[in-house]
Amino acid sequence: MDVNGTVAEGFEPVREAFVRNFATLGDRGAAVAVYRDGQKIVDLWGGTRDVDGTAPWEHGTAQVVRSATKGVAAAVLLLLHQRGQLDLDAPVGHYWPEFKARGKERVLVRHVLNHRAGLPVLDRPLTPQDALDPLKGPEAVAAQAPAWEPGTAHGYHALTYGWLLDELVRRVTGQDTGAWLASEVTGPLGLDLWLGLPESEAGRVGRVGRVEGAEPTGGLRARPKRSVTEAYEDPASLTRRAFAAISPFPDQNDPAYRAAALPATNAMATADGLARFYATLIGDTAGAARLFTPQTVELARAEESAGPDRVLVVGTRFGLGYMLHGSASPFLTPGSFGHPGRGGALGFADPETGIAFGYVTNGFRKTVTADPRAQGLVRAVRGALNI
């Protein structure tokens, strides 16, 4: 297995962990990038661009990062708040009057970001075609009754998060989340990261699919608890219904899906694009000033929700739009914030160490929040830092 790229002195264990991912954990094509205090210290890639192909993964190869998209999209709401355009403690209905229907008058903007809105499911799931229509998802969420009293509990809004966030951005700015992100963040910074893939970049994105690999030994639960397994198998559970808010789920290799902007699930990114995005949230990078003020960083990572998750059926921790370090999704240190993508991808920042991390892959495993390949790389970074 040929691995390309470089690692800074002292971070050789990250390369070793990256190679192991191909040897034992099923990676077909992947990349990892790590920044420290705005400087790139790890830049590795290997395997094939397509999960089912033979063309080599190149330095600029991108992939869909699934729910790692949520951390990218969350930055839009936090930046609008930072600029004084959005009040996190205002009712969603203040910006989006149609949303008030069916007992949602007290849903706050912060409830969208901390997964306490009570809206993880749709009584009538969207078809794949309707899901790509930028109006149908928000309309469905506005018509939906909450599954619990908003603000009283938390549960992962796997797909509805994107429609809630996108319509807020549209009402405040007149642009969808992908367009605002491109004009205000990723375009000016030159990031290889898109929410709504331009046709000009389509040739850089590889095909994705399911892969299998040996289960890791130590550190992670190889088999989920019975309660978790049952929740995913029960068609009536919040778990199953949350992930089936689009049914059947669209083909992630379909050009139409990739060109759409779904802020919960379908950003396309290189590992460097994802890592540098997080690096710029917390500090200056080459040619770019930090995006988040220290106060906004604290908003992102201050615990808003913790404990039993009504959807994921495990204990989770959320700040505003970001998962926080914990047993369900370990990052680098307790101060880290970021977001995994179901089956593989991971992006996060750790302000205390100045580390920003991005991992993308074309091979999805059955994991939800803590993929063993990404976790192996994170442990290698932790070891290199002696923390």
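Peer 1: Outline the overall build of the protein, listing residues and values.
Peer 2: In terms of helices and strands, the protein carries 14 helices and 14 strands. Against the compact-globule benchmark of 21 Å for 387 residues, the protein has a radius of gyration of 19 Å, which places it among compact chains. Its C-alpha atoms give the protein principal-axis dimensions of about 55 × 45 × 40 Å. Buried residues in the protein amount to 59% of all 387 residues. Sequence-distant contacts in the protein: of pairs separated by 6 or more residues, those separated by 24 or more amount to 68%. By element, 49% of the accessible surface of the protein is carried by carbon and sulfur atoms, the whole surface being about 14,800 Å². Charged side chains in the protein number 40 positive and 42 negative. The centres of these two groups are separated by 5 Å.

Peer 1: How would you sum up the packing of aromatic side chains? Please name residues and give values.
Peer 2: For the structure shown, the criterion picks out 12 aromatic pairs. Aromatic pair Tyr 278 and Tyr 322: ring centres 6.3 Å apart, planes at 70°, arrangement edge-to-face. Residue Tyr 278 is located in helix H12 (residues 271-282), and its partner Tyr 322 is located in the loop between strand S9 (315-318) and strand S10 (323-324); the two are separated by 44 residues in the primary sequence. Both residues of the pair, Tyr 278 and Tyr 322, count as buried. An aromatic cluster is present here, built from Tyr 156, Tyr 232, Phe 243 and Phe 318 joined pairwise through their rings. The lysine or arginine in question, Arg 66, covers the ring of Phe 364, its NZ or CZ lying 4.0 Å from the ring centre. Here Lys 104 stacks its cationic end above the ring of Phe 99, 5.1 Å away from the centre of that ring.

Peer 1: I'd love a proper account of the environment of Gly 46, names of residues and values included.
Peer 2: You can see Gly 46 is positioned in strand S3 (residues 39-47). By relative accessible area, Gly 46 is classed as buried at 0%. Once the C-alpha coordinates of Gly 46 and Gln 63 are considered, the two residues, 17 residues apart in sequence, prove to be 13 Å apart. Those residues within four positions of Gly 46 in sequence are excluded, and the remaining contacts are Met 1, Asp 2, Phe 18, Phe 22, Arg 28, Gly 29, Ala 30 and Trp 57.

Peer 1: An account of unusual backbone geometry is requested, with residue identities and associated values reported.
Peer 2: If a residue is not glycine, its phi is most likely negative; likewise, a peptide bond is most likely trans. Note the cis peptide between Ser 247 and Pro 248, where omega equals -10°. In this structure, Pro 248 sits in the loop between helix H10 (238-243) and helix H11 (255-259). In this model, Arg 102 sits at a positive phi of 60°, which is unusual for a non-glycine residue. For Arg 102, the location among the structural elements is in the loop between helix H3 (92-95) and helix H4 (109-113).

Peer 1: Outline the pattern of salt bridges, supporting the account with residue identities and numerical values.
Peer 2: In total, this model carries 22 salt bridges according to the counting rule given. When the shortest N-O distance is used, the salt bridge between Arg 241 and Asp 123 registers 3.1 Å. Of the two residues, Arg 241 sits in helix H10 while Asp 123 sits in the loop between H4 and helix H5 (128-131), which places them 118 residues apart along the sequence. On the basis of relative accessibility, which here comes to 26%, the residue Arg 241 falls in the partly exposed class. In the salt-bridge network here, residues are joined through shared partners; they are Glu 98, Asp 166, Glu 167, Arg 170 and Arg 171.

Peer 1: Let's hear about the packing of helix H2 (residues 69-82) against H12: which residues, and what values?
Peer 2: Running from N to C, H2 and H12 cross one another at 35°; their axes reach a closest spacing of 11 Å. For the pair H2 and H12, the crossing hand works out as left-handed. Taken together, the residues of H12 that come into contact with H2 (itself represented by Gly 71, Val 72 and Ala 75) are Leu 274, Phe 277, Tyr 278 and Leu 281. Grouping the amino acids of the contact of H2 with H12 by side-chain chemistry returns six nonpolar, one polar and no charged.

Peer 1: So what's going on with the pairing of strand S11 (residues 337-340)? Which residues, and what values?
Peer 2: Going residue by residue along S11, you find Phe 337 and His 339 tucked away on one face and Gly 338 and Pro 340 tucked away on the opposite face as well. Sheet topology note: the S11/strand S12 (residues 346-350) ladder contains four bridges and is antiparallel. Looking at S12, one finds that Phe 337 is bridged to Ala 349. Where S11 hands over to S12, the hairpin turn is made up of five residues, of which Gly 343 adopts a positive phi near 95°.

Cut-offs used in this document
Residues numbered from 1 in each chain as written. Predicted model: local features only at pLDDT ≥ 70, side-chain atom pairs only at ≥ 80, totals over all residues. Heavy atoms only, no water. Helix = DSSP H or I, 4+ residues; strand = E, 2+ residues; numbered from the N terminus. Rg over C-alpha atoms; globule rule 2.2 N^0.38 Å. Buried < 20%, exposed > 50% of the residue type's maximum accessible area, 1.4 Å probe, protein only. Contact = heavy atoms within 4.5 Å. Areas by Shrake-Rupley, 256 points an atom, 1.4 Å probe, with all protein chains shown as cover. Lys, Arg positive; Asp, Glu negative; His and termini not counted. Charge placed at Lys NZ, Arg CZ, Asp CG, Glu CD. Phe/Tyr/Trp six-rings, centres within 6.5 Å; stacked < 30°, edge-to-face > 60°. Lys NZ or Arg CZ within 6 Å of the ring centre and 35° of its normal. Salt bridge = Lys/Arg side-chain N within 4 Å of Asp/Glu carboxyl O. Axes fitted to C-alpha atoms, helices over the stretch in contact; angles between N-to-C directions. Left-handed = near helix turned anticlockwise from the far one by under 90°. Nonpolar A, V, L, I, M, F, W, Y, C, P; charged D, E, K, R; others polar. Pairing = 2+ DSSP bridges.

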